[in-house]
Amino acid sequence: MHQLKHSTSCRSFSQLLSDLLASVEETASLSREAESRQEIFAQFAAFLEKLTPILKELKENEIMDTQPIRKAVKSLEAGIRRARILVRNFNSEASLTTIEEAIHDLGRCLGLVLLASLDVSVEIKEKIGVLHKEMLNVKFLKSSDAESIQSSCSDAKSTSISEIEDANIFDIEEIVSQLKIGSDEKLTVALSELRQLTRDQLVSNDWIIDNGIISALLNRMATTKHEHRLPIILVLRSLAAQNDENKEKMADTEYLTTVVKSLSRDAEVRREAVGLLLTLSEVQKVRRRIGKVQGCIVMLVSLLNGEDPCASSDAAKVLNALSNNTQNVLHMAEAGYFKPLVQYFHEGTEMNKILLATALSRMELTDQYRAALGEQGIVSPLLQLLFSVTSVLMTLREPASAILASIAQSDCVLVNKNVAQQMLSLLNLSSPVIQYHLLRALNNMISHSSATKIRAKMNKDGAIQLLLPFLTEVNTDVRTAALNFLSNLSKDSSADLVEQLGSTYLNIIINIVSSSTTEFEKAAALGIISNLPVHNKQATEILRRANLLPILISLTAEAGPVTSTPTRSWLLESMAGALIRFTVSSDKKIQRYAAELGVIPCLVKLLSTGSLPTKARAATSLAQLSQNSLSLSKAKSSRWSCVSSSSAAFCEVHDGHCFVKSTFCLVKSGAISPLVQILDGKEREADEAVLSALATLLQDEIWENGSKAIEKESGVVAIVKVLEVGSGKALEIAAWMLERIFRTENFRSQYGEVVEALLIDLAQKRDPTLKPTIAKILAHLQLLPMQSSYF
């Protein structure tokens, strides 16, 4: 008979003791209920009852979980199983010696526990020691009846446990019947009996096969209640461990589907089911069928990533066994497990690489999957494929470049040194399709916030010069990818960007802005322009002569209330960034040129329709224009002093005649209200730019009128909000503005109490930058003397 192995290696120490306690209690109960030789079995039950508290103390003591203790406890568990079978099948032909031997056997097992218990308390050791001696020394008194029994058995076979198989003959047919058609209650009993029979080698494998036990178990598992699945799987595991014939009996697709469904059950069932699959996967025929069961690989990957270490370990082993099939490897990749696939890229045949690379390049990879691929070292073999000159592997260059482009969206690719330089070196040597993927990959790499060093290295190595020829590429995809890449790369090279581009490529970029049919290309081209140094007059003049400004104004006018998309947001941000250079306060001539073309209404429109970065850039342009409004307004007023002018042109803030196109006045342009609304929002990214624009209304000569204009649009409350939740430069500007506003008695009485607690809190923080300004505000509110040390 083959040796049966019941897998308990995955049980926790607590579970091991719990199982043993349950077995002890069951055996003790059977002993008390035994009708024959009641006195003997009562003594046997008493020994078991003494064993119970010892086991409970071991269970509660976590430091007992050591390998020697586990081994000893398992031997005790096996002894209890043998004793239970003996009690259940005791008859008049069995001798008292058999009972004595069972107790002695338990005593020896308890001795093993005692020897292994190095760290246990002295009290527990004493309890174990006493019971150990009692069990070893037990000897039942032999009455005349007992002696006659012993005499009648002298010529019989040995009375060891192996004879119990014969005693069970009367129950076997009933067990088979209940396994197949029995009620739930009877199935429970039949499963318990079968487990004992298989665990203790009391039935042969031929009997298992002849009676169709395996198919009966699998059929019942598919239809029975939840509580029966675990014992069924446990029996199946022990049977599968016996031989390959049993494994093949379980290889029917319908049966395997039943087992796979158990991977989604509760923790214990999942753990045993994956253990069963691991045993079955030892046979190639069965292994092939496991991989074909729908959902199997997905559930195995889920267990692999789960919290149960035993189930995870077994799932990894099953997946490893299934990875000899490339179709299985692809299913694993689709489920987010890439280790086998990466292994094929390193060691697989050329045909395997072609199959896997092609399939992977077509997969929609999540951010998590991209990161996983990058972390497992797939970048290196992909680069090797890109540089390959083998005719067969050259067909892999396109999918390899596509995979790199996808993986590069995760910053894990940045840990691979010189990857960017290697891809750049391939640009001019590749087909348009590969160029497109490489440009996407490079752009994805430099777009990460942690890619500063890589961007600097690329710029130093002349990447911009390498990219410029692609701006005239007839292939739209390649040209757009190059523009996008150049737009991101130029953010860190603004100092010498004008020289690198020159008038030729600047005009090419402007032509793309005016003629391209896609918003994405326009946004990328304008992104490059917005990265040019704002104060570089050479660049401004080239852009002016190429009529970029009318193009920008036209594009802004066309940007109606369309549903915002990432590309539309990027386009507006790039447009607003490009407009900043046409509004610099140091060049009134270029400001006048821009205003006459109608740039100010466009900027005001962007305050309401663009993203927060767009609003910040538009506010910056308006601030630059408004800085000169006071001087321009005075000049206009003196010019009109002898001629009557429309009262509508008079500006109470600048105390003169203002016109949007000639004095760039925030009041007349209607910009104050949308600027204040931005401050009222939850996001703070545009605060500094918006406050800088509003602050131009509080210049020395006009601060009082400017305060009234700001307050009229609920601007004081918005400024106080920034003072409460803002940071950095925005906080400084808000404090400066509030100090000027609170010079007016009316505003002090209206808002003083509201802001009092906030100001005191800011003062107590003693921020060295804000300290003098906050002190002045507190002095205005008569909360601090003008001679205070805060000044």
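None of these values were measured; they are calculated from a predicted model.

(A) Seen up close, the overall build of the chain. A tally of regular secondary structure across the chain gives 47 helices and two strands. Each of the 791 residues in the chain was classed as buried or not, and the buried ones make up 53%. Of the accessible surface of the chain, which amounts to about 36700 Å², a share of 50% is contributed by carbon and sulfur atoms.

(B) Structural context of the environment of K605. When you line up the elements, K605 lands in helix α36 (residues 599-609). Spatially, the C-alpha atoms of K605 and A557 are 8.6 Å apart, while their sequence positions differ by 48 residues.

(C) Structural view of the packing of helix α30 (residues 497-515) against helix α32 (residues 537-545). Where α30 contacts α32, the two axes come as close as 10 Å, and the packing angle between them is 15°. Viewed along their axes, α30 and α32 adopt a mutual orientation that is roughly parallel. Note that α30 runs across α32; the crossing there is right-handed. Two secondary-structure elements touch here, α30 through V498, S503, L506, N507 and I510 and α32 through Q538, A539, I542 and L543. Of the residues belonging to the contact of α30 with α32, the class tally is six nonpolar, three polar and no charged.

(D) Structural context of a positive patch on the surface. On the surface, K285, R288, R289 and K292 cluster together into a positively charged patch. A relative accessible area of 72% places K292 in the exposed class.

(E) How the structure looks around the pattern of salt bridges. Inspection of every chain in the model, using the stated rule, returns 19 salt bridges. When the shortest N-O distance is used, the salt bridge between D244 and K247 registers 3.3 Å. Remark: K247 and D244 occur in helix α13 (residues 244-249); sequence separation between them is three residues, near one turn of the helix. Judged by relative accessible area, D244 falls into the partly exposed class, the value being 41%.

(F) Just the nonpolar core, in detail. Core analysis: the largest hydrophobic core is formed by 169 residues, its most contacted members being L341, L360, M458, L526 and I529. Listed in part, the 55 residues of the second largest apolar core include V176, L191, M221 and V301.

(G) Structural view of unusual backbone geometry. For D655, which is not glycine, the phi dihedral falls at a positive 55°. Among the structural elements, D655 can be located in the loop between β1 (650-651) and β2 (656-657). Judged by relative accessible area, which is 57%, D655 ranks as exposed. Although it is not a glycine, S714 sits at a positive phi angle of roughly 65°. You can see S714 is positioned in the loop between α43 (703-712) and α44 (715-725).

(H) Structural context of the environment of C296. The residue C296 is located in helix α17 (residues 296-304) in this model. Judged by its relative accessible area of 0%, C296 is buried. Note: C-alpha distance between C296 and L263 (33 residues apart in sequence) is 8.3 Å. Once residues within four sequence positions are removed from consideration, C296 is found in contact with V260, L263 and I290.

(I) Molecular detail of helix α25 (residues 419-426). All of the buried residues along α25 are V419, A420, M423, L424 and L426. Projected down its long axis, α25 shows its buried positions confined to an angular sector of 160°, all on one face. Buried residues along α25 sit against α23 (379-386), α24 (397-407), α26 (432-446), α27 (452-460), α28 (463-467) and α29 (476-489).

(J) A negative patch on the surface, seen in detail. On the surface, D206, D210, E245 and E248 cluster together to form a negatively charged patch. Those elements that place two or more of their residues in the negative patch are α10 (205-210) and α13. Within the element layout of this structure, D210 appears in helix α10.

(K) Structural context of the side chain of S629. Position of S629 among the secondary structure elements: in helix α38 (residues 629-639). A relative accessible area of 0% places S629 in the buried class. Sequence-distant contacts of S629, that is, excluding residues within four places in its chain, are made with H654, T663, F664 and C665.

(L) Representation of α27. Turning to α27, its buried residues are I454, R455, M458 and N459. Each buried residue of α27 lies within a common arc of 135° when the element is viewed along its axis, so the set occupies one face. With respect to the buried face of α27, the exposed residues turned more than 90 degrees away are K453 and K460. Looking at the buried residues of α27, the elements they touch are α25, α26, α28 and α29. Count one or two residues on from α27 and you reach G462, which has phi positive near 85°.

(M) The arrangement of the side chain of T326 in detail. Examined against the element boundaries, T326 turns out to sit in helix α19 (residues 326-334). On the basis of relative accessible area, T326 is assigned to the buried category, the value being 17%. Those residues within four positions of T326 in sequence are excluded, and the remaining contacts are Y344, N352, L355 and L356.

(N) Representation of the packing of aromatic side chains. Counted according to the given criterion, the structure contains one aromatic pair. Taken together, a centroid distance of 5.2 Å and an interplanar angle of 70° make the contact between F520 and W570 edge-to-face. On the criterion of sequence distance, the pair formed by F520 in helix α31 (residues 519-530) and W570 in helix α34 (residues 566-579) is long-range, its members being 50 residues apart. F520 gets classed as partly exposed once you look at its relative accessible area, which sits at 31%. Between the NZ or CZ atom of R544 and the centre of the ring of Y593, over which it lies, the distance is 5.8 Å. Cation over ring: R743 sits above W703, and NZ or CZ is 5.3 Å from the ring centre.

(O) Representation of the environment of I678 in the model. Here I678 shows up in helix α41 (residues 672-680). On a C-alpha basis, the gap between I678 and L612 in space is 8.4 Å, while along the polypeptide they are 66 residues apart. Excluding anything up to four places from it in sequence, I678 contacts L607, L612, K615, R684, A686 and V690.

(P) Representation of the confidence of the model for the chain within the structure. Confidence in the prediction of the chain, expressed as mean pLDDT, is 83, and 88% of residues score 70 or more. Taken together, the stretch residues 640-644 has pLDDT below 50 and engages in one contact with residues farther than four places along the chain or on a different chain.

Procedures and definitions
- The residue numbering used here restarts from 1 in each chain and proceeds along that chain's sequence as written.
- In keeping with the predicted nature of the model, local features appear solely for residues at pLDDT of at least 70, side-chain atom pairs appear and are counted solely at 80 or more, and the whole-chain, interface and lining totals rest on all residues.
- To obtain the side-chain values, all non-hydrogen atoms of the structure were included, while hydrogens and water were left out.
- Runs of H or I in DSSP of at least four residues are treated as helices and runs of E of at least two as strands, each being numbered from the N terminus.
- Here's how the labels work: a residue is buried when its accessible area is under 20% of the maximum for its type, exposed when over 50%, partly exposed in between, all with a 1.4 Å probe on protein chains only.
- All accessible areas in this document rest on Shrake-Rupley with a 1.4 Å probe, and a residue is counted as covered only by the protein chains that are shown.
- Helix axes are fitted only over the stretch in contact, all axes being lines through C-alpha atoms; the angle between N-to-C directions runs from 0 to 180 degrees.
- Angle categories: roughly parallel below 35 degrees, roughly antiparallel above 145, roughly perpendicular from 65 to 115, and oblique for all the rest.
- In a left-handed crossing the near helix is turned counterclockwise from the far helix by less than a right angle, and in a right-handed crossing that turn is clockwise.
- A contact between two residues is defined here by any heavy atoms of the two lying within 4.5 Å.
- When residues are grouped by polarity, Ala, Val, Leu, Ile, Met, Phe, Trp, Tyr, Cys and Pro land in nonpolar, Asp, Glu, Lys and Arg in charged, and all others, Gly among them, in polar.
- Grouping into patches uses exposed residues only, defined as over 30% relative accessible area, and leaves out salt-bridged ones; the cut-off is 9 Å for like charges and 5 Å for nonpolar side chains (Val, Leu, Ile, Met, Phe, Trp, Tyr).
- Put simply, a salt bridge is a Lys or Arg side-chain nitrogen that is within 4 Å of an Asp or Glu carboxyl oxygen.
- Counting rule for charge: Lys and Arg are taken as positive, Asp and Glu as negative, and neither His nor the chain ends is counted.
- A charge is said to be at NZ when it belongs to Lys, at CZ for Arg, at CG for Asp and at CD for Glu.
- The set of buried Ala, Val, Leu, Ile, Met, Phe, Trp, Tyr and Cys residues whose side-chain atoms join them within 4.5 Å is what this entry labels a nonpolar core.
- In this description, the arc belongs to the directions extending from the helix axis to the C-beta atoms.
- Each Phe, Tyr or Trp ring, with Trp reduced to its six-membered ring, pairs with another whose centre is within 6.5 Å; inter-plane angles below 30 degrees give stacked pairs, above 60 give edge-to-face pairs, and intermediate values give tilted ones.
- When the NZ atom of lysine or the CZ atom of arginine is within 6 Å of a ring's centre and also within 35 degrees of its normal, the charge is said to sit over that ring.
- A score from 0 to 100, pLDDT tells how confident the predictor is in each residue.

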